[in-house]
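Examining the three-dimensional arrangement
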Amino acid sequence: MLLLDSKATATSCPQVGTWHGRSGRRDFGHQSHTCPGGLGTGCWLSPPRGCYFADAPCSVTSPCCSKQRKPPVTDSFLPAAFYVAEWLSPSPMRAHHRPTGRGSKHNRFPWGWHSAWQLPSSSSSSWRQVTVQQGPLYRTEGSHITLWCKVSGYQGPSEQNFQWSIYLPLAPEREVQIVSTMDPSFPYAIYMQRVRSRGIFVERLQGDAVLLHITELQERDAGQYECHTPNTDTRFLGTYSAKTNLSGDTVELTCEVSKSTAQHTHLSVGWYLLQGAGEHHAQEILTLSKDFILKPGPSYEQRFLEGDVQLNKVGNTTYKLIIGGVKPSDQGQLYCEAAEWIEDPDGTWKDISSKQTQRTSLAVVSQGRDLSVDITAAAGHSFAEGDTLQLSCVVGAPKSSSRHFEVTWLLNEREVARVDTHGVLMWEEKYQERAELGQLRASKPSNTVYVLTIYDVGLEDKGTYQCSVSEMKTPGDLHSIQTNVSSSIQVNVKPTESHMRLAVSTSTPQVTVGDPLTLHCQVQGATSPVSLRWWHLPPQQPGHRVLVATMEQDGSQSLGSTYRDGSTRGSLQLQKESAGTFTLVIPSTLDEDDGGQYRCEVTQWSRGRNWTEKGEAAVTVSSMGLGLLATLRSRTATVSYGQSFELFCHVDASYTLEEVPASVRWLFQPSPPTGPLQELAQVFPNGTVVWRTAQPQFQGKAQLVKTDASFKLHIHSAMPAHQGTYQCEVQVWRRNILPLGQPAASTSSNAVGIKVVLPESKLQVATKNSSVEIAGGNTAIECRIVFAQNNSQFAVTWYLLPLLADTTPLQIIRASYSSILEYGSEFSSPAQKSRFLSQRVSSNIFQLQILSAAPRDQGRYYCVVEEWLWLVDGWYKLGEGTSGRTTLKFRPPEHQLQMEKTNHSISAREGEEVTLPCRLQGALQAHTHLSATWFQVRSSGSDSALLILHQDGTMEYPQERLAAKLFLRRSSAGDFSLTLSSVQRGDAGAYYCQLQEWKQQSQGEDWDLRALAHSGYTQLTTIPPESTVLSRICSSPPLLNFILYLPLVLILLLALAVFCWYCKFRKNKKVSVTGWMMELEGNEEIKKT
């Protein structure tokens, strides 16, 4: 018997640079150090990192320390991911460590100490624990053993590595490495070959659990294992024999079983019967389990209950099997099998050894009661469906008239019918109905002849037939004396063949949506009525089929759910035109999806079976929109006012358009476009014409005509309102369907533009250029019409071209033909509107009046005249003409004003106020007035007037939005400095001012410009506003919420603290009062005593 035991291990201090530990790694430099007080010897690391004993580590300053101290937490010294679990045995420990007892579990580090604590890593403080299978375990030599080991509370990857080692009994101090999950070179040489051949391997159950497999235990495998406690191998010793004693109708067999195992084990003993060549199909006779329970085999259960089969124990090692009333079924090879069982510490039982006796042959000999059974078939062994099968079972037995037989008919070893000793017939349930219909019959012509007749053979009747004959001692006896089964007869039943053929065709292989679909299914060779089903196989859904219609054997019809609505495809027709011809008609195909394969399935029924034949026909259904094309044409694209024109919408299709319902919609979009095309009129399939009220200009002037495949729109007396884009849209519906519903297809034609030419304009405008020079005051620019029609009206637009080159004309004012004035964006301020006026002096002369002209009004002026004519439905523009340029100039001033020309640069913070300088140098002449204008230079290079101070003291803001922001704060008569309040980022740029000197010769006369000058440029730069504490708080919602809610939180905490203090005070006070009362009562008791 092999013994596998385990014990804890500890190591002495290795020398510097020596190999040490489970994994074979080289350690740091170590030296041995002996501690006082009997603490033992520890291992001192060099460089100093601490002194480690089997019980506890020591600090760097004091190598010798108490056993309660823990090792320092440092990943650089010991890898925290490497742990081992051991089972400790009561054997002596190496070094100084002694285990607490057998079965104690410890975590051991690879450098040789034992402890129940974990070395934590730098990133976690969880405890690592290794658990192994509880031992000891016992196994027999040559058996397969598995030992499990798992780890929990670990850190790092989910898949952990395991290493297994053994300490042999002859060398308990030496570690022998067996197998590793991470290092193929880990095993020692004695185990390397077994590991490579997988005689020893590790099976990983999960990332942190494994099984160690030793497929065939050897005697040298006994020892102490790391990571789990190996089991002590056990060895079963015993001798087995069998003795056979045959005496009359009773058989007695004995089996001698003994064991010599030191451990407490149980035995199980069983008897088995082998018949024929079935080595692996032994029948169980009777078994005594390890729990001392007798269990009979299925074939001997009834005889066991009746006491005919017994198992008795005689003495300590003899087990006797008794079989009473031996039957022929008992003959064969009998043997005894014994097994030894041992209980593992976890409560499970393991069979550790088993052995069989030699086989003993048992022959049951008949004593004058021979019984033979023969089976025959009257008409061979091969039949067709519907034929008659007759089987005879003949019993051969001497003195048959005085013997009692029970006969059972078997098909494929399953009972069909039984005739008992009284001649009573009993059918199996599945054959009862056929027997009642007269299809089956079983008879007993004599005591030795039994007949089974099947009048209507089916496929279910084929197979192997046998008859089983059992002899009874007396009629009605429940147990037979002997039973014999006849040889088998293989009966083959050929299925009835179908000669039905199918031909599927269509007379409409290619149709257009709305056309009828006709399908034919011709059946030949059917010998009985058939049922028919039509299926549609849509090409867009492979593998899917839709039921169209069915016709049953009796001629009843039904439609599939998709085809029941007659409003979609019409009323389907399924007809049987002749004995084998069926026709399906779909009056109107719905869309292209009705194309694809149409399958005809015909089923013929006979003798409870059916045969189905299938055939398919392909149909292509084209869209009504395929080939549908509309083309719009016109004989002329340009017509004169009052002339008639025609538009032709021609429709082409792959089918005859006159045979399908069709509709045409006329669409129109005026020119210039004001939106999408709008419906003008529609002609419906029934000929109804509907005009849309959105286009009243066509009513009474348009006519719609249909001719064959064309639709014509005729418009007479064309007007300008008829000018635009025309289009026709054609819609078609499926034929043979009412109501029409949604169109089956539609198409739109090309767009055709029609231009209506108005009467020619005769307008002529004077184009001669001129020049006007003024010193100031009011002036007028003239626009003259040379020739125009008498009944025309005119719209005049005045433009200004500044003197700067490459400038865009500025619209000043427009006077429409109805005298409505419209000012341009640069002249829309009230001050500008009051200075620029448009007047019609005569029928052909228009003037632009400029009041209080200033030098900024200099430039080239011209007018654009539009000629408008009233026609039938409104005013229409016939043409326009542009006049020549009139240049407005100011006479040079008599002298120049003296101003400061220096350029300045000013910086201002956003939101602050800034003042831009503008000062006159020198004295102002008598009887003169000054006007001042401030300009801002735009990025485009043009100057924009911001503020104007006229010579009469009035203030003008060309941009009214700046009125509240700009101020002239004049500290003296010559100071025209501009103040900007609340500077914004957009105010940055260059500014300058212009001063003009005006003089009025006498009261009531115009002011004359005497002198002018402009200042230097002032560059204004804006600076972002300075960030304050308050602004930072307001701009940060989290900070603002923190400041707002912090006082509330502090108040709540303070209230909670006060409440806790109050509760504690009440509790202390109550305890104090209670103590005082108890002391007082004690004093009173003392006084009483």
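Just so it is clear, the structure is predicted and the values come from calculations on it, not from any experiment.

This paragraph deals with the overall build of the protein chain. Secondary structure summary: the protein chain contains seven helices and 81 strands in total. The long-range share in the protein chain, meaning contacts at least 24 apart out of those at least 6 apart in sequence, stands at 58%. Accessible area for the protein chain stands at about 57,100 Å²; split by element, carbon and sulfur atoms hold 51% of it.

Further remarks concern helix α3 (residues 429-436). Those residues of α3 that sit buried are Tyr431, Arg434 and Ala435. One side of α3 carries all its buried residues, which in axial view fall inside an arc of 100 degrees. With respect to the buried face of α3, the exposed residues turned more than 90 degrees away are Glu429, Glu433 and Glu436. Residues of α3 that are buried make contact with β30 (404-411), β31 (414-419), β32 (425-427), β33 (440-443) and β34 (449-454). Gly438 sits one or two positions beyond α3 and adopts a positive phi of about 85 degrees.

This part takes up the sheet that holds strand β14 (residues 209-214). Taken together, four strands build an open sheet; the order of strands is β8-β10-β14-β13 and the sheet is antiparallel. At either margin of the open sheet sits one strand with a lone partner, and together these are β8 (129-132) and β13 (200-206). Going across the sheet, the axis of each strand differs from the next one's by a mean of 20 degrees, ignoring polarity. The pairing of β13 with β14 spans six bridges and is classified as antiparallel. Directly across from Ile200, in β14, lies its bridge partner Ile214.

One ladder, built from six bridges, connects strand β27 (residues 372-377) with strand β29 (residues 389-396); its direction is antiparallel. Note on β29: the bridge partner recorded for Ser372 is Gly396. The sheet contact formed by β29 and β34 spans six bridges and is antiparallel. If you follow Val394 over to β34, its bridge partner there is Val449.

Overall, antiparallel pairing links the four strands, which are arranged β38-β40-β45-β44 in an open sheet. Where the open sheet ends on each side, the last strands, each with one partner, are β38 (501-506) and β44 (573-576). On average, each strand axis in the sheet is tilted by 15 degrees relative to the strand beside it, whichever way the strands run. Summarising the sheet, β44 and strand β45 (residues 581-586) pair through four bridges and their orientation is antiparallel. Looking at the pairing, Leu574 lines up with Leu584 of β45.

Bringing the environment of Gly700 into the picture now. Note on placement: Gly700 falls in the loop between β53 (689-691) and β54 (702-707). It is 9.1 Å that separates the C-alpha atoms of Gly700 and His716, two residues lying 16 residues apart in sequence.

This part takes up the state of the cysteines. Counted under the stated rule, the structure contains six disulfides. Note on cysteine connectivity: Cys393 is disulfide-linked to Cys467, with sulfurs 2.1 Å apart. The sign of the 70 degrees torsion about the S-S bond sets the Cys393-Cys467 disulfide as right-handed. On the criterion of sequence distance, the pair formed by Cys393 in strand β29 and Cys467 in strand β35 (residues 463-472) is long-range, its members being 74 residues apart.

Let's shift gears to helix α1 (residues 189-196). The complete set of buried residues in α1 reads Tyr191, Met192, Arg194 and Val195. Here the buried face of α1 lies against β11 (163-167), β12 (176-180), β13 and β14. Phi turns positive, to about 60 degrees, at Arg198, one or two residues after α1.

Take the nonpolar core next. Within the largest apolar cluster, 62 residues are counted, with the highest numbers of intra-cluster contacts made by Trp534, Trp666 and Tyr726. Not counting residues up to four positions away in its chain, the partners in contact with Tyr726 are Leu632, Phe645, Leu647, Leu667, Phe668, Phe698, Leu713, Ile715, Asn750, Ala751, Val752 and Ile754. Judged by nonpolar contacts, the second largest core, of 31 residues, contains Phe383, Val395, Tyr465 and Cys467.

With that settled, the discussion passes to the side chain of Gln832. Considering the arrangement of structural elements, one finds Gln832 in helix α5 (residues 830-835). Side chain to side chain, Gln832 and Arg835 meet in a polar contact 2.8 Å long. Residues in contact with Gln832, not counting those within four places in the same chain, are Glu826, Phe827 and Glu956.

So, about the environment of Phe890. With respect to the helices and strands, Phe890 occurs in strand β69 (residues 886-890). Given a relative accessible area of 9%, Phe890 falls into the buried group. As for Phe890 and Ala853, which are separated by 37 residues in sequence, their C-alpha atoms are 9.1 Å apart. Setting aside residues up to four positions removed in sequence, Phe890 forms contacts with Glu773, Ile774, Ala775, Gly776, Ala853, Ala854, Pro855, Gln858 and Leu1009.

Below, the discussion takes up the packing of aromatic side chains. Taken as a whole and assessed by the stated rule, the structure comprises 13 aromatic pairs. Between Tyr272 and Tyr335 the ring centres are 5.6 Å apart and the planes differ by 25 degrees, which places this aromatic pair in the stacked class. Placement of Tyr272 in strand β19 (residues 265-274) and of Tyr335 in strand β24 (residues 332-343) is noted, with a sequence separation of 63 residues between them. The exposure classification of Tyr272 matches that of Tyr335, with both residues buried. Here a set of aromatic residues connected by ring pairs shows up, and it is made of Phe645, Phe668, Phe698 and Tyr726.

Right, let's get into the side chain of Asp594. Residue placement: Asp594 occurs in the loop between β45 and β46 (596-606). Judged by its relative accessible area of 3%, Asp594 is buried. A distance of 2.9 Å separates polar atoms of two side chains, one belonging to Asp594 and the other to Arg569. For Asp594, the contacting residues outside a window of four places in its chain are His536, Arg569, Thr589 and Val621.

A word on the pairing of strand β20 (residues 283-288). The pairing of β19 with β20 spans five bridges and is antiparallel. Counterpart to Val269 in the pairing with β20 is Leu288. Alignment of β20 against strand β21 (residues 294-296), held across three bridges, turns out to be antiparallel. Across the sheet, residue Leu286 finds its bridge partner in β21, namely Pro296. Connecting β20 to the next strand, β21, in antiparallel fashion are five residues, including Phe292 with a positive phi near 65 degrees.

Here the idea is simple: oppositely charged side chains can pair when their charged atoms come close. Here the structure, examined in full by the defined rule, presents 30 salt bridges. The closest approach of N and O atoms between Glu406 and Arg418, which form a salt bridge, is 2.8 Å. Highlighted residues: Glu406 in strand β30 and Arg418 in strand β31, separated in sequence by twelve residues. Bridged by salt links that share partners, the residues Arg545, Arg599, Glu601, Lys614 and Glu616 form one connected network.

Let us now look at a nonpolar patch on the surface. Taken together, the side chains of Leu1039, Leu1040, Phe1042, Ile1043, Leu1044, Tyr1045, Leu1046, Leu1048, Val1049, Leu1050, Leu1052 and Leu1053 make up a nonpolar region of the molecular surface, amounting to roughly 1,100 Å² of accessible area. Relative to the helices and strands, Leu1040 resides in helix α7 (residues 1037-1088).

Structurally, Gly879 can be placed in strand β68 (residues 875-882). In this structure, the C-alpha to C-alpha distance between Gly879 and Val865, residues 14 residues apart in sequence, is 8.5 Å. Discounting chain neighbours no more than four positions away, the residues touching Gly879 are Ser761, Leu763, Val865, Glu866 and Glu867.

Moving on, we come to unusual backbone geometry. With an omega dihedral of 0 degrees, the bond running from Ser671 to Pro672 counts as a cis peptide bond. Mapped onto the fold, Pro672 is located in the loop between β51 (662-670) and β52 (678-683). Not every positive phi belongs to a glycine, and Asn412 is a case in point at roughly 55 degrees. Considering the arrangement of structural elements, one finds Asn412 in the loop between β30 and β31. Residue Ser852 is not a glycine yet carries a positive backbone phi of 50 degrees. Along the polypeptide, Ser852 turns up in strand β66 (residues 845-853). Ser852 gets classed as partly exposed once you look at its relative accessible area, which sits at 46%.

A word on the confidence of the model for the protein chain. With 82% of its residues at a pLDDT of 70 or more, the protein chain shows a mean pLDDT of 79. The low-confidence segment residues 1-126 (pLDDT under 50) makes 305 contacts with residues lying over four places distant or belonging to another chain. In this model residues 229-248 is a low-confidence stretch, pLDDT under 50, and it forms 88 contacts with partners more than four residues away in sequence or in other chains.

Here is what the cut-offs are and how they apply
Residues numbered from 1 in each chain as written. Predicted model: local features only at pLDDT ≥ 70, side-chain atom pairs only at ≥ 80, totals over all residues. Heavy atoms only, no water. Helix = DSSP H or I, 4+ residues; strand = E, 2+ residues; numbered from the N terminus. Contact = heavy atoms within 4.5 Å. Areas by Shrake-Rupley, 256 points an atom, 1.4 Å probe, with all protein chains shown as cover. Buried < 20%, exposed > 50% of the residue type's maximum accessible area, 1.4 Å probe, protein only. Arc of directions from axis to C-beta. Pairing = 2+ DSSP bridges. Axes fitted to C-alpha atoms, helices over the stretch in contact; angles between N-to-C directions. Disulfide = S-S within 2.5 Å. Core = buried A, V, L, I, M, F, W, Y, C linked by side-chain atoms within 4.5 Å. Polar contact = N/O pair within 3.5 Å; in protein donor to acceptor, adjacent residues only side chain to side chain. Phe/Tyr/Trp six-rings, centres within 6.5 Å; stacked < 30°, edge-to-face > 60°. Salt bridge = Lys/Arg side-chain N within 4 Å of Asp/Glu carboxyl O. Patch = residues over 30% accessible without salt bridge, like charges linked within 9 Å, V, L, I, M, F, W, Y side chains within 5 Å. pLDDT = per-residue confidence, 0-100.

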